[in-house]
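# Understanding the architecture of this molecule
These are the residues of each chain, in order.
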Amino acid sequence: MPTADNARLVMLGLVFAAIALFGGSARLDVNLLLFLRPLCMIAIGVLLVLPITAPARQMRAPTLLLALLALAIAVQLVPLPPSIWTSLPGHERYAEAALAAGLDQPWRPISLTPWRTWNSLLTLLPAIALLMSLRGISYRQEPRVIYGFLAFLAISLVLGVFQVGGVIDGPPLPYRFFAEDSVVGFFANRNHAAAVLATGFPVLRMWSLAHGKSKLPSSRRRLIAMVSALVLLVMIVVTGSRTGIVVGFASLAASLAMSPLEELGAGMRKSHAKWLRILVIAVPTLVVALLVLFGKALSIDRFVGDDLLAEKRLTFLPVLLDIIRDFLPFGSGFGSFDPVFRSYEPDWGLSRKYFNNAHNDLIELVLTGGIPALLVLLGFVGWIGWRIWRSWKNVPSGETISTRAGAIMAGSLMLASLTDYPLRTPLAGAVLVFATYLMSRPMPSHRSSTEKSR
């Protein structure tokens, strides 16, 4: 294998390791970002000069979409003359404040909090570094990338076990705010940890179906994948994340549907295969029931015990929709949610708990990024839909299974984003980039004979 290929694979491992260690929080005041962002800048510089010496994955669509997102953020930082700025929707009240103070109107950007918008732009650095690393990975190195992600999941599970057992109090690195007495893995938030754990189901299913690409016999691969999936499910249930348990079961069901269940019993007697398929569904159900019985299913307990209608993310929904209406079509500026919401927050909503994000990234994206950001999101969803359609148009193969696995991973993270903000963490964002890598695999009819033989 060429030296440049080895170097690129090493860079990929180093970038993802740095993101896992330092990118588990979505807060902009986390000191660990002071290490992560310079490391990503250095990695980007190295990757720019590293040659690509073998046929590599062409991730044109994810690269274009990430560039468009960066452009949508950067445009909000361009200073505008006072006559234009004061006429922007939602900016009137802030213009009136300057007039009342007797101050001249300066040139200002669309964003009401430019420094927070700059932070949002810098937040893309880990995703850019990982995307550049994955773009240069040759086809024959793909199994190593898959094993690397599975190793990350395994380490996350070990951390979770230590956290459940009280060996580790919180995440491995000192986050100021984190969910105490919860399984958070590398994250500071149990919802984000559970959402990323849920992305493990499609990867395990894909690995178990890797015909001829593993030295392990297929029956052993399937057994390892089923046991690992069961451990993942248990860990998601004990995280205490209500969103996580919904996303986890949805991801597990979708992963089983990636390929006919007959695959689970391939090479076995019909009676044995039948019982195996029954156990695949019965065992997880039994395990969850036992967790509930022994009081370990914190996620389910919170579903039953909490008043969901009293959740701030629901009670504040009318207020959030009012803010969106006021700032369309340009938004208030990426990263500006916290100060903008405080200027709208009703008296009845004041409490000792702060509301620094909308806990619905679709709403917050439109509120802060406006129509341009929404168009980028729609482009991403459309690309995923097109890739899924292409995968079902082709006969089942490694390429189509890879695309379906990536789509389930992306869908899990976006589903979790409807009640929280996991993709604002660099680590969950990196997992989404990995999902696009799996979806970018060329379909059989579009790969050359040379590439097919690798």
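Residues numbered from 1 in each chain as written. Predicted model: local features only at pLDDT ≥ 70, side-chain atom pairs only at ≥ 80, totals over all residues. Heavy atoms only, no water.

### Quick word on the overall build of the protein
- The secondary structure content of the protein amounts to 21 helices and zero strands.
- The burial tally for the protein puts 51% of its 454 residues in the buried class.
- By sequence separation, contacts in the protein at least 24 residues apart represent 78% of the contacts at least 6 residues apart.
- As displayed, the protein has an accessible area near 21,300 Å², and 68% of this comes from carbon and sulfur atoms. (Helix = DSSP H or I, 4+ residues; strand = E, 2+ residues; numbered from the N terminus. Buried < 20%, exposed > 50% of the residue type's maximum accessible area, 1.4 Å probe, protein only. Contact = heavy atoms within 4.5 Å. Areas by Shrake-Rupley, 256 points an atom, 1.4 Å probe, with all protein chains shown as cover.)

### Looking at the pattern of salt bridges
- Applying the stated criterion across every chain, the model contains seven salt bridges.
- Salt-bridge contacts for Asp326 lead to Arg325; the nearest nitrogen and oxygen are separated by 3.6 Å.
- Judged by relative accessible area, which is 55%, Arg325 ranks as exposed.
- Notably, a salt bridge pairs Arg342 with Asp338, separated by 3.3 Å at the nearest N-O pair. Taken together, the positions of Arg342 and Asp338, both in helix α17 (residues 337-344) and four residues apart, correspond to about one turn of that helix. (Salt bridge = Lys/Arg side-chain N within 4 Å of Asp/Glu carboxyl O.)

### A closer look at the packing of helix α19 (residues 398-416) against helix α20 (residues 426-439)
- Relative orientation of the contacting elements α19 and α20 amounts to 155°, with a least axis distance of 7 Å. One finds that α19 runs roughly antiparallel with respect to α20. The handedness of the crossing between α19 and α20 is left-handed. Contacts between α19 and α20 pair Ser402, Thr403, Ala405, Gly406, Ala407, Met409, Ala410 and Leu413 from the former with Ala428, Val431, Leu432, Phe434, Ala435, Leu438 and Met439 from the latter.
- Residue composition of the contact of α19 with α20, grouped by class: 12 nonpolar, three polar and no charged. (Axes fitted to C-alpha atoms, helices over the stretch in contact; angles between N-to-C directions. Parallel < 35°, antiparallel > 145°, perpendicular 65-115°, else oblique. Left-handed = near helix turned anticlockwise from the far one by under 90°. Nonpolar A, V, L, I, M, F, W, Y, C, P; charged D, E, K, R; others polar.)

### Points about the side chain of Ser251
- With respect to the secondary-structure elements, Ser251 resides in helix α12 (residues 242-256).
- Judged by relative accessible area, Ser251 falls into the buried class, the value being 1%.
- Within polar-contact distance, the side chain of Ser251 engages the backbone oxygen of Ala198 at 2.7 Å.
- Those residues in contact with Ser251, other than ones at most four positions away along the chain, are Ala198, Phe201, Pro202, Ile408 and Ser412. (Polar contact = N/O pair within 3.5 Å; in protein donor to acceptor, adjacent residues only side chain to side chain.)

### Re the environment of Leu12
- With respect to the helices, strands and loops of the structure, Leu12 is situated in helix α1 (residues 3-22).
- The spacing of Leu12 and Ala43 is 31 residues in sequence and 9.0 Å in space, taken between C-alpha atoms.
- Sequence-distant contacts of Leu12, that is, excluding residues within four places in its chain, are made with Leu130, Ser133, Leu134, Ile137 and Val145.

### Remarks on the environment of Phe337
- Here Phe337 is to be found in helix α17.
- Put simply, Phe337 and Ala358 are 21 residues apart on the chain and 7.7 Å apart in space, counted from C-alpha to C-alpha.
- Filtering out sequence-adjacent residues up to four positions away, Phe337 remains in contact with Leu320, Phe355, Asn356, Asn357, Ala358, Glu364, Leu367 and Thr368.

### Re the environment of Val237
- Along the chain, Val237 falls in helix α11 (residues 218-238).
- We classify Val237 as buried; its relative accessible area is 1%.
- A sequence separation of 12 residues divides Val237 from Phe249, and the C-alpha atoms of the two residues are 9.8 Å apart.

### Examining α11
- Relative to the 30 Å expected for 21 residues at 1.5 Å per residue, α11 spans 30 Å between its end C-alpha atoms, a close match to the ideal helical length.
- Turning to α11, its buried residues are Arg221, Arg222, Ala225, Ala229, Leu232, Leu233, Met235, Ile236, Val237 and Val238.
- Downstream of α11 by one or two residues, Gly240 has phi in the positive range, about 90°. (Expected span 1.5 Å × (residues − 1).)

### Quick look at unusual backbone geometry
- In this structure, Pro329 follows Leu328 across a cis peptide bond, with omega equal to 10°.
- Along the chain, the position of Pro329 falls in the loop between α16 (317-327) and α17.
- Of note in this structure, His359 is not a glycine but carries a positive phi near 55°.
- By secondary structure assignment, the location of His359 is in the loop between α17 and α18 (361-393).

### Topic: the nonpolar core
- Within the largest apolar cluster, 90 residues are counted, with the highest numbers of intra-cluster contacts made by Phe149, Phe152 and Phe434.
- Here this core takes 11 residues from α20, the largest share from any one element.
- Non-local contacts of Phe152, meaning those with residues more than four positions away in its chain, are made with Phe16, Ala20, Phe186, Val196, Leu427 and Val431.
- Core analysis: the next-biggest nonpolar cluster, separate from the first, contains 15 residues, Val319, Val340, Val366 and Leu367 among them. (Core = buried A, V, L, I, M, F, W, Y, C linked by side-chain atoms within 4.5 Å.)

### So, the packing of helix α3 (residues 60-75) against α18
- For the pair α3 and α18, the least separation of the axes is 9 Å and the interaxial angle reads 170°. Overall, the two elements α3 and α18 adopt an arrangement that is roughly antiparallel. Contacts between α3 and α18 involve Ala61, Pro62, Leu65, Leu68, Leu69 and Ala72 from the former and Pro372, Val376, Gly379, Phe380 and Trp383 from the latter.
- When grouped by side-chain class, the residues that make up the contact of α3 with α18 number 10 nonpolar, one polar and no charged.

### Quick look at the confidence of the model for the protein
- Mean pLDDT for the protein: 81, with 78% of residues reaching 70 or above.
- Of the regions scoring below 50 in pLDDT, residues 446-454 engages in 12 contacts with residues more than four places distant in sequence or in other chains. (pLDDT = per-residue confidence, 0-100.)

### Re helix α7 (residues 125-135)
- The buried count for α7 comes to eight of 11 residues, which makes it a mostly enclosed element.
- The complete set of buried residues in α7 reads Leu125, Pro126, Ala127, Ala129, Leu130, Leu131, Ser133 and Leu134.

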